[in-house]
Amino acid sequence: MPEWHELPLRESDPDIASLIAKEKHRQMFGLEMIPSENLVSLAVLEAMGSVLTNKYSEGYPGKRYYGGNVFIDEVESIARERAKKLFRVSHANVQPYSGSPANQAACFALLDPGEKLTGMSISHGGHLTHGVAVNFSGKYYSSAPYVTSQDGWLDYDLIEEHAKKEQPKLIFCGATAYSRVIDFKRLGEIAQAADAFLVADVAHIAGLIAGGAHPSPVGHADVVTTTTHKTLRGPRGAMILCNGNPSDPLKAAERSKENLPTLIDRAVFPGLQGGPHNHTTAGIAVALKEAATPEFADYAKQIVRNSKALAEGLLENGFELVTGGTDNHLMVVDLRSKNVAGKEAELLLDEVGITVNKNMIPFDPRKPYDPSGIRLGTPLLTTRGMKEGEMTAIAGFIAKTIEKRNDTAAKERVASDIKELCSQFIFYA
Ligand SMILES: Cc1ncc(COP(=O)(O)O)c(C=O)c1O
C-alpha cells in the first residue's frame, strides 16, 4: 500500500484530478485563440511539478537568506544566463511572480511615489499596469496615457509631442492588444529627448523577439519586462532584463542607467517579493533552452504567417480589423460591420468551441465590459502544429458562427467541424 503522500492525484483528490482532466480535454478539443495563451512542453510541466516548489530561497544566487540553496542557486543562475544570452543583455532577473509584479518592480525601481509615467491607453491596446487609474500604476503614480491614431496605429509623432508636454519620468511601451511592429528605436529617441526611462513590456511578443520575428527593444529601452508564458511558451512567470554595471557599489542605489541591475534586483527583492518560486524558475530555464533552438525560430515565424493567414481569411469574410491587418501574433476585430458586439461574439464563439476575448477598439463607442471588438491570436494553435490552411478554415468557422448566430443547426455543424479539426492536432495525449 502506498503511503498518503505517494498516492497519485486521481486517488488522493479525485475532484481536482477530474477537473484537470476536463480542462485538458477542453484545451485539446477546442480552439484556444486568446493571444496571451500557449501550451508548454512536457519538460516545462515536469520542472513546474518538481520538488523545487518545496524550497525557500529569499535573495539571489550566492546571497541567500536561507541555507540549503546550493542546487537552487545553480537553477537560477542557469535561467539568468540563458535569458541574458537569448535576449542579448548583461542582466536578467527571473524572480518576478508574473508580468504585473514585474511592471510594478520596474516602477518601484525607477520612480518615487507620485512621479509621472505614461503608457499606451488600455482602451487603445495598452496594459492595466501601464498607468490605469484602478491599478497600482495609476494610483501611486501620476499617469498620463498616450493614445493611438484614429485607425489604431501607434503615432510616434503624437507620442513625442505627448512626452514633451507631460514630461514623464517613465515611458511604458509594449501592448496587450496591438497588431503591428513596435518601433522601439523611435521610442528610445523619444524617451531620451524627454529624459525619461523607457520600459519596454514585451510580454506578448517575447517569443517573437527570441525567434527573430519581431525587432528587439534591447539597445533602445532601459528596462525590458516580459511574462514567460505567452509567445515565449514557458511557465506563468516573468523576467526583467537590462544592461548596466554599477561603477561604485556604494552609489548603486542611485537612479542612474549604470545602476539598473542593482535597482531592478532590489525592487524585486526585498522591495516587493519574498521567496522566489523555484519550480517556476526551473520551468523558465527549460523554456529558454527551447526558445534558443532553430525549431523555435521556425515556430515564431509560423505564428506570424498563421496570424496573417487568419487576418486575410477574416477580411475575405467581410470582417474589419483594427489597423487593417497584423504583423505579429494577434489581431483585433472591429465587429461593428457585422452588427454584433464583442461580448455576444465571445459567447457565440465559445458555444462552438472557439475561445477568444472581447476587446476594446481604439476610440470605442461602447463600454469596456461590452466593447465593439474581439482579440484573436495564433501562438497556441501554432504550437499544436496548425498552419495557414487551418487558419483559413478557422476564419470561415468564425464567420459562419457570427453570421448564422440564430441558426442552431448551422452552429452545431461548425462545432462538429471544430472537434474534427482539433482531433488531428492533439498536443497532450
Ligand atoms: C503587455 C502585458 N504586460 C503584462 C501583463 C501581465 O501579466 P500577468 O497576467 O502575468 O500579471 C500582460 C498580461 O496579459 C500583458 O499583456
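Each value, and the rule that gives it
Residues numbered from 1 in each chain as written. Predicted model: local features only at pLDDT ≥ 70, side-chain atom pairs only at ≥ 80, totals over all residues. Heavy atoms only, no water. Pairing = 2+ DSSP bridges. Helix = DSSP H or I, 4+ residues; strand = E, 2+ residues; numbered from the N terminus. Contact = heavy atoms within 4.5 Å. Axes fitted to C-alpha atoms, helices over the stretch in contact; angles between N-to-C directions. Salt bridge = Lys/Arg side-chain N within 4 Å of Asp/Glu carboxyl O. Buried < 20%, exposed > 50% of the residue type's maximum accessible area, 1.4 Å probe, protein only. Phe/Tyr/Trp six-rings, centres within 6.5 Å; stacked < 30°, edge-to-face > 60°. Lys NZ or Arg CZ within 6 Å of the ring centre and 35° of its normal. Polar contact = N/O pair within 3.5 Å; in protein donor to acceptor, adjacent residues only side chain to side chain. Near = heavy atom within 4 Å. Areas by Shrake-Rupley, 256 points an atom, 1.4 Å probe, with all protein chains shown as cover. Nonpolar A, V, L, I, M, F, W, Y, C, P; charged D, E, K, R; others polar. Core = buried A, V, L, I, M, F, W, Y, C linked by side-chain atoms within 4.5 Å. Left-handed = near helix turned anticlockwise from the far one by under 90°. Domains from an automatic or database assignment. Buried area = accessible area lost by both parts, 1.4 Å probe.

**Here we look at the sheet that holds strand β14 (residues 357-359)**
Phase 1: Here we have four strands laid out as an open sheet, ordered β11-β12-β15-β14, and antiparallel in their pairing. A strand with exactly one partner marks an edge of an open sheet, and here the two such strands are β11 (320-321) and β14.
Phase 2: Taken together, the three bridges between β14 and strand β15 (residues 373-377) define a ladder with antiparallel strand orientation. Paired with Lys358 across the strands is Ile374, a residue of β15.
Phase 3: Sheet contacts for helix α12 (residues 294-316): β11, β12 (330-334) and β15; angle to β12, the most-contacted strand, approximately 15°.
Phase 4: Against the sheet, helix α13 (residues 342-352) engages β14 and β15, with an angle of about 45° to β15.

**Section: the pattern of salt bridges**
Side chains carrying opposite charge are able to pair once their charged atoms draw close together.
Phase 1: Using the criterion set out here, one finds 22 salt bridges in the structure.
Phase 2: The partner of Arg255 in a salt bridge is Asp112, and the shortest N-O contact between them spans 3.3 Å. Linking Arg255 in the loop between β10 (238-242) and α10 (260-272) with Asp112 in the loop between α5 (99-110) and β5 (116-118), this pair joins segments that are 143 residues apart in sequence.
Phase 3: The exposure class of Asp112 is partly exposed, given its relative accessible area of 39%.

**Description of the packing of aromatic side chains**
Phase 1: According to the stated counting rule, one finds five aromatic pairs in the structure shown.
Phase 2: On the numbers, 6.5 Å between centres and 75° between planes, the contact of Tyr60 with Phe269 is edge-to-face. Taken together, the residues Tyr60 in strand β2 (residues 59-60) and Phe269 in helix α10 connect sequence positions 209 residues apart.
Phase 3: Three or more aromatic residues link up through ring pairs in this structure, and these residues are Tyr60, Tyr65 and Phe269.
Phase 4: Seen from the ring of Tyr299, Arg233 lies directly overhead, with NZ or CZ sitting 4.0 Å from the centre.
Phase 5: Above the face of the Tyr369 ring, Lys358 is positioned so that its terminal group lies 4.7 Å from the ring centre.

**Here's the deal with the side chain of Asp334**
Phase 1: Structurally, Asp334 can be placed in strand β12.
Phase 2: Here the side chain of Asp334 touches Arg336 through a polar contact of 2.8 Å, side chain to side chain.
Phase 3: Dropping the residues within four chain positions of it, Asp334 is found in contact with Glu320, Leu321, Ile361 and Ser372.

**Focus on the environment of Lys257**
Phase 1: Looking at the element boundaries, Lys257 is found in the loop between β10 and α10.
Phase 2: Since its relative accessible area comes to 39%, Lys257 is described here as partly exposed.
Phase 3: Placed 147 residues apart in sequence, Lys257 and Lys404 show a C-alpha to C-alpha distance of 56 Å.
Phase 4: Ignoring any residue separated from it by four or fewer positions in sequence, one finds Lys257 in contact with Phe197, Asp222, Asn243 and Gly244.
Phase 5: A distance of 2.9 Å separates the side chain of Lys257 from the side chain of Asp222, its partner in a polar contact.

**Notes on the site of the ligand**
Phase 1: With respect to spatial proximity, 13 residues lie near the ligand, and among them Ser98, Ser100, Thr176, Asp201 and Lys230 are the closest.
Phase 2: The backbone of Gly99 places a nitrogen or oxygen atom 3.0 Å from an oxygen atom of the ligand.
Phase 3: The side chain of His204 places a nitrogen or oxygen atom 3.3 Å from an oxygen atom of the ligand.
Phase 4: In the complex, the protein chains occlude 84% of the 390 Å² of accessible area that the ligand would expose alone.
Phase 5: A total of three residues in the shell around the ligand trace back to one element, the largest contributor, which is α5.
Phase 6: Of the residues in the shell around the ligand, the class split is two nonpolar, nine polar and two charged.

**A look at the sheet that holds strand β6 (residues 142-143)**
Phase 1: Taken together, the seven strands give an open sheet; going across it, the order is β4-β10-β9-β8-β7-β5-β6, and neighbouring strands pair in mixed fashion. Because the sheet does not close on itself, it has two edges, and the strands there are β4 (91-93) and β6.
Phase 2: Bridge analysis of β4 against β10 gives three bridges, and the strand direction is antiparallel. For Asn93, the partnering residue across the bridge sits in β10 and is Ile240.
Phase 3: Packing of α5 onto the sheet brings it into contact with β5, β7 (170-173), β8 (197-201), β9 (223-227) and β10, and relative to β9 it is tilted by some 160°.

**Re the nonpolar core**
Phase 1: Counting 46 residues, the largest nonpolar core has Phe87, Leu232 and Met239 as the members making the most contacts within it.
Phase 2: Ranked by residue count, the leading element in this core is α12, at five residues.
Phase 3: Membership of the second largest hydrophobic core comes to 42 residues, among which are Leu31, Leu335, Val356 and Leu380.

**Details of the environment of Lys358**
Phase 1: By secondary structure assignment, the location of Lys358 is in strand β14.
Phase 2: Along the chain, Lys358 and Pro368 lie ten residues apart, while their C-alpha atoms are 8.8 Å from each other.
Phase 3: Non-local contacts of Lys358, meaning those with residues more than four positions away in its chain, are made with Gly342, Lys343, Glu346, Tyr369, Pro371, Gly373 and Ile374.

**Thoughts on the packing of α12 against helix α15 (residues 388-403)**
Phase 1: Axis separation between α12 and α15 bottoms out at 8 Å; the angle between their running directions is 35°. In the packing of α12 onto α15, the handedness of the crossing is right-handed. Along the contact surface, α12 presents Gln302, Arg305, Asn306, Ala309, Leu310, Gly313 and Leu314, while α15 presents Glu388, Met391, Ile394, Ala395 and Ile398.
Phase 2: When its residues are assigned to classes, the contact of α12 with α15 shows seven nonpolar, three polar and two charged.

**What to know about the domain arrangement of the chain**
Phase 1: With domains assigned, the chain is organised as domain 1 (15-35 + 297-423) and domain 2 (46-291).
Phase 2: If you look at the interface, domain 1 gives 26 residues, while domain 2 gives 24 residues.
Phase 3: Sorting the residues of domain 1 by area buried against domain 2 places Thr323, Asp327 and Phe363 first, and these three jointly supply 32% of that buried surface.
Phase 4: Taken together, domain 1 and domain 2 are joined by one salt bridge.
Phase 5: Run the count over domain 1 and domain 2 and you get 14 residue pairs in polar contact (both at pLDDT 80 or more).
Phase 6: Of all the secondary-structure elements, those providing two or more residues to the side of domain 1 that touches domain 2 are α12, β12 and α14 (379-383).
Phase 7: Among the elements that take part in the side of domain 1 that touches domain 2, α12 stands out by supplying six residues, more than any other.
Phase 8: Across the side of domain 1 that touches domain 2, the residue classes break down as 15 nonpolar, eight polar and three charged.

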